[in-house]
There are 2 protein chains.
Amino acid sequence: MGKQKNLDCLILENLRGQDSYISGEELARKLKISRQALWKHINSLSHKGYDIVAVPHSGYKIISTPDKFYPWEVQRDLNTEFIAREVYFYESLNSTQDSSRELGLSGASDGTVVLTDVQTKGRGRMGRSWISPKGGIYFSLLLRPEFLLLEETPQISLLIALGCVKGIKEATGLDVEVKWPNDLIFKGKKLGGILCEINAETDRVHFVVVGVGININSRDLPPEATSLLLGTGKKFRRLDIARKILQAIEAGYLKAQKRNFSAVLKEWSRFCMLWGKRVRVKISNRTIEGEAVNIDERGYLLLRQDNGFIERVSAGDIVKVIPVREGFL
Amino acid sequence: MGKQKNLDCLILENLRGQDSYISGEELARKLKISRQALWKHINSLSHKGYDIVAVPHSGYKIISTPDKFYPWEVQRDLNTEFIAREVYFYESLNSTQDSSRELGLSGASDGTVVLTDVQTKGRGRMGRSWISPKGGIYFSLLLRPEFLLLEETPQISLLIALGCVKGIKEATGLDVEVKWPNDLIFKGKKLGGILCEINAETDRVHFVVVGVGININSRDLPPEATSLLLGTGKKFRRLDIARKILQAIEAGYLKAQKRNFSAVLKEWSRFCMLWGKRVRVKISNRTIEGEAVNIDERGYLLLRQDNGFIERVSAGDIVKVIPVREGFL
């Protein structure tokens, strides 16, 4: 499903402006189509999940909009400069990352977003799979951060995680935390994750494709995972959350672009649930432990080890988190 | 053209073992094919550029082998552990980089090599085009350096450049120099270049595709470029050079893998033509000048500026090189 602003969108725009019924005759005239054609489009919108009532002699009225990532819905009331100028939505995809990479290679513009309802081969970090049932937000964002050196690209994961947390807060009021490097945590369980794939030369970043997967209304999840629905008992409108996330991501990105990444880091740090806790980090084939104290300007995790030395960890998996007083078993 | 070890190869192997003629009857029996089939294959080999004479009542004899990157030729007498276990050769390609990236994404093995005689859309660093007429060596090497962090990937360009210089020296005796970051210089002019493209997560390098373009017997080149032929007046066998380069690259790679990259750097440094010279480097939208004094362990160029400070340059283009005494105009 592409990005075209078609007749369906125009019909929706006209219906949305109205509290009362809008007559089919009037609408057809306005759009310069036949009433027959209008009826066909209304029908097509019903199939897309829009609840539109048609009352003889009164006309059409829109009752509800589906919680679907149609490009025109994602872009509606979206207050961004460049993110989601181009939006692609699919009911199902192998992986939004693969589609976005293809778009990146073929020259798609900075900020292009690919969303899907279901991923059949969703990917997580380190080549793991990412379970992507219905009810989640799954999207990939294509970024062309020409201002970044290759070694600065971890900034992107951090600012995306921050954007997710802030976007969810704004749309739902719920408090989500981040766990270094890029997990989203809700009530102690994994709510979502971020995968950041880079296409670069050693001295030039071509593009970055950031995959975001967040469990919103999902039910069938592994025991270590949660969703906003499972955590609160309430359903949420994914579209509203996705829009707020995209806006928050852009705000952070523009800061980084203005070489003010420290502001992003400081904010990220406020939402991180690791500080003051003892963590065990798996780094390829070794494991280190220590108290998580901060991240540095590059986004490396700083661990205070038992001997007092601070170790900087550029990459790894946190396999255990324990409050300091308890210590490890 | 794939990698299969086919009948053609077997015929070549048999012919190569012989100084004298080998009878068609004997060869056909050995390969369990008809003499008719054998003749067809000999004919196909002639079309591939092999000079094979057929003398009635004596048999076949191979006179010469074409200077073509057929997989079986590249792999013949090649002394490597993993590089060029898989080889793909094409008479013409848009870009060996694009083919290798596709191979990388579809799971091709570490060390896979793609070669071509001509590139129609050859790419250089920073999105520039790379003129790739007949007579050059153009290949891309797929590497999966799981031992490297993202910020260490510039190691790859340096060790590839070193491998090229050493391989050319070994095959031809000629002295080629390197110019940071990854130009090959012969008699003061550009002989070749290296393009290193990375596919990674922020905390895991998936694969690197390294493109190498070297002008060997090429004639039609821009004025700032040269070839071994233009520089010496002699033609060289590309196959021999390519094999030596692949071997030398592997040797450097295995050192880096054993965390002994400093040995590679030290050697690279010996071939660098910048030391003691004043250089002007363009770094995105600014330019800095100074005396090139060394590279650090990350492969950054160290420039001593007029105020005595040493500046570390991670990426950039050297736009001017001048011996120190002359200074800049």
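Draft legend 1. Quick peek at the layout of surface pockets. There is about 1,000 Å³ of room inside the largest pocket. Contributing to the lining of the largest pocket are 41 residues, with A:Glu146, A:Asp203, A:Arg204, A:Val205 and B:Met126 lying nearest its centre. Mapped onto the lining of the largest pocket, the elements with two or more residues apiece are helix H5 (96-105), strand S8 (189-201) and strand S9 (204-215) of chain A together with helix H5 (96-105), strand S8 (189-201), strand S10 (277-283) and strand S13 (310-313) of chain B. With four residues, the single largest contributor to the lining of the largest pocket is S9(A). Each residue belonging to the lining of the largest pocket can be placed in one class, and the counts come to 14 nonpolar, ten polar and 17 charged. In this model, the second largest pocket occupies a volume close to 840 Å³. What lines the second largest pocket is a set of 41 residues, among which B:Trp130, B:Asp183, B:Lys190, B:Gly192 and B:Glu224 lie closest to the centre. Among the elements that take part in the lining of the second largest pocket, S8(B) stands out by supplying seven residues, more than any other. Residue composition of the lining of the second largest pocket, grouped by class: 18 nonpolar, 14 polar and nine charged.

Draft legend 2. Structural view of the state of the cysteines. Residue and element names in this part refer to chain B. Enumeration according to the criterion identifies zero disulfides over all chains in this entry. Distance from the sulfur of Cys164, which forms no disulfide, to the nearest cysteine sulfur (Cys196) is 12 Å. Owing to a relative accessible area of 2%, Cys196 belongs among the buried residues under this scheme.

Draft legend 3. The arrangement of the packing of aromatic side chains in detail. Tallied over the entire structure, the rule returns 14 aromatic pairs over all chains. Measuring from ring centre to ring centre gives 6.3 Å for A:Trp268 and A:Trp275, while their planes differ by 65°; the resulting arrangement is edge-to-face. A relative accessible area of 25% places A:Trp275 in the partly exposed class. Between the aromatic rings of B:Phe147 and B:Tyr253, the centroid separation amounts to 5.4 Å while the plane-to-plane angle is 80°, which identifies the pairing as edge-to-face. Taken together, the positions of B:Phe147 in the loop between strand S5 (136-143) and helix H6 (154-172) and B:Tyr253 in helix H8 (residues 238-257) put the pair 106 residues apart, joining distant regions of the chain. The exposure classification of B:Phe147 matches that of B:Tyr253, with both residues buried. By way of ring pairs, the aromatic residues A:Tyr50, A:Phe69, A:Tyr70, A:Trp72 and A:Phe89 are connected into one cluster.

Draft legend 4. Just the relation of the copies chain A and chain B, in detail. Rotating chain A by 180° and translating it 0.1 Å along the rotation axis places it on chain B, where the RMSD comes to 0.1 Å. When the rotation and shift are considered jointly, the pair of chain copies conforms to a two-fold rotation axis. Interface residue correspondence from chain A to chain B reaches 100%, placing this contact among same-surface, isologous pairings.

Draft legend 5. Fine view of the environment of B:Asn285. Its place among the elements puts B:Asn285 in the loop between S10 and strand S11 (286-295). C-alpha separation for the pair B:Asn285 and B:Tyr50, spaced 235 residues apart in sequence, amounts to 52 Å.

Draft legend 6. Spatial organisation of the sheet that holds strand S10 (residues 277-283) of chain A. Residue and element names in this part refer to chain A. Within the open sheet, the five strands sit side by side as S13-S12-S11-S10-S14. Their pairing is antiparallel. The open sheet has two edge strands with one neighbour each: strand S13 (310-313) and strand S14 (317-323). Direction aside, neighbouring strands of the sheet carry axes that sit 40° apart on average. Examined bridge by bridge, S10 and strand S11 (residues 286-295) share six bridges and lie antiparallel to one another. The residue of S11 that forms the bridge with Ile283 is Arg286.

Draft legend 7. Fine view of unusual backbone geometry. A cis geometry characterises the amide bond from A:Trp180 onward to A:Pro181, with omega recorded as 0°. Positive phi values are uncommon outside glycine, yet A:Lys187 reaches one of about 50°. The backbone of B:Arg259 shows a phi angle near 60°, a positive value even though the residue is not glycine. Considering the arrangement of structural elements, one finds B:Arg259 in the loop between H8 and helix H9 (261-271). Assessed through its relative accessible area of 52%, B:Arg259 is described here as exposed.

Draft legend 8. Main features of the interface of chain A and chain B. Listed per partner, the contact involves 27 residues of chain A and 27 residues of chain B. With both chains or domains summed, chain A and chain B bury close to 2,200 Å², and 53% of this area falls on carbon and sulfur atoms. Taken together, chain A and chain B are joined by two salt bridges. Between B:Arg125 and A:Asp203 there is a salt bridge, with the nearest N and O atoms lying 2.5 Å from each other. Across the contact surface, chain A and chain B share eight residue pairs in polar contact (both at pLDDT 80 or more). Elements represented by at least two residues in the side of chain A that touches chain B include exactly H5, helix H6 (154-172), S8 and S9 of chain A. When residues in the side of chain A that touches chain B are grouped by element, the largest group, seven residues, is from S8(A). Pairing of S8(A) with S8(B), which is carried by five bridges, proceeds in the antiparallel orientation. Among the inter-strand pairings, A:Glu201 is bridged to a residue of S8(B), identified as B:Glu197.

Draft legend 9. Looking closely at the packing of H6(A) against helix H9 (residues 261-271) of chain A. Residue and element names in this part refer to chain A. Direction vectors running N to C along H6 and H9 enclose 55°, while the axes themselves pass 9 Å from each other. Classed by the angle they form, the pair H6 and H9 counts as oblique. Taken as a pair, H6 and H9 cross one another with a handedness that is left-handed. Two secondary-structure elements touch here, H6 through Gln155, Leu158, Leu159, Ala161, Leu162, Val165 and Lys166 and H9 through Phe261, Val264, Leu265, Glu267, Trp268 and Phe271. Looking at the contact of H6 with H9, its residues break down into ten nonpolar, one polar and two charged.

Draft legend 10. Broad picture of helix H1 (residues 7-16) of chain A. When H1(A) is considered as a whole, its buried residues turn out to be A:Asp8, A:Cys9, A:Ile11, A:Leu12, A:Asn14 and A:Leu15. The elements touched by buried residues of H1(A) are helix H2 (24-31), helix H3 (35-47), strand S1 (51-55), strand S2 (59-64) and helix H4 (71-75) of chain A.

Draft legend 11. Inspection of the sheet that holds strand S14 (residues 317-323) of chain B at higher detail. Residues and elements named next belong to chain B. Sheet architecture is open: five strands sit in the order S13-S12-S11-S10-S14, paired in antiparallel fashion. On the outer flanks of this sheet lie S13 and S14, each paired with one strand and no other. In this sheet, neighbouring strand axes are inclined to one another by 40° on average, regardless of whether the strands run parallel or antiparallel. In this sheet, S13 lies alongside strand S12 (residues 301-304) in antiparallel orientation, the contact comprising four bridges. Note on S13: the bridge partner recorded for Leu301 is Val313.

Procedures and definitions
Along each chain, the written sequence defines residue order, and numbers are assigned to residues from 1. Chain letters start at A and ligand numbers start at 1, both assigned in the order the entries are written. Only residues with pLDDT of 70 or above have their local features reported here, since the model is predicted, and side-chain atom pairs are shown and tallied only from 80 upward, although totals for entire chains, interfaces and linings are computed over all residues. Hydrogen atoms and water are omitted, and side-chain values are computed over all heavy atoms in the structure. Buried and open spaces are told apart on a 1 Å grid over the protein atoms alone, a cavity being a set of points where a 1.4 Å probe fits but cannot get out and a pocket being an open set with protein on both sides within 12 Å along at least five of seven lines. Residues with an atom within 4 Å of a point are the lining residues. Grid points are joined across faces, edges and corners, and a volume is the space filled by probe spheres set on the points. Note on conventions: DSSP H or I runs of at least 4 residues are helices, E runs of at least 2 residues are strands, and numbering of each starts at the N terminus. Classification convention: Asp, Glu, Lys, Arg as charged; Ala, Val, Leu, Ile, Met, Phe, Trp, Tyr, Cys, Pro as nonpolar; all other residues, Gly among them, as polar. Only a pair of cysteine sulfur atoms within 2.5 Å qualifies as a disulfide here. Exposure classes here rest on a 1.4 Å probe applied to the protein chains alone. A residue is buried below 20% of its type maximum, exposed above 50%, and partly exposed in between. Note on ring pairs: Phe, Tyr and Trp rings are taken, using the six-membered ring of Trp, and paired if centres are within 6.5 Å. Classes follow the plane angle, with under 30 degrees stacked, over 60 edge-to-face and the rest tilted. The copies are overlaid by a least-squares fit using only the C-alpha atoms of residues whose pLDDT is at least 70 in both copies. We call two residues contacting when some pair of their heavy atoms lies within 4.5 Å. Paired strands are those between which DSSP finds at least two bridges. Where helices are involved, their axes are fitted lines through C-alpha atoms of the stretch in contact, as for all axes, and angles between N-to-C directions lie from 0 to 180°. Buried area counts how much accessible surface, traced with a 1.4 Å probe, disappears from two parts once they are put together, with both parts' losses summed. Any carboxyl oxygen of Asp or Glu within 4 Å of a side-chain nitrogen of Lys or Arg constitutes a salt bridge here. N or O atoms closer than or at 3.5 Å make up a polar contact, with two conditions inside protein: a donor-capable atom paired with an acceptor-capable one, and, for residues adjacent in sequence, both atoms drawn from side chains. If an angle is under 35 degrees, it is roughly parallel; if it is over 145, roughly antiparallel; if it lies from 65 to 115, roughly perpendicular; otherwise it is oblique. Put simply, a crossing is left-handed when the front helix is turned counterclockwise from the back one by less than a right angle, and right-handed when it is turned clockwise.

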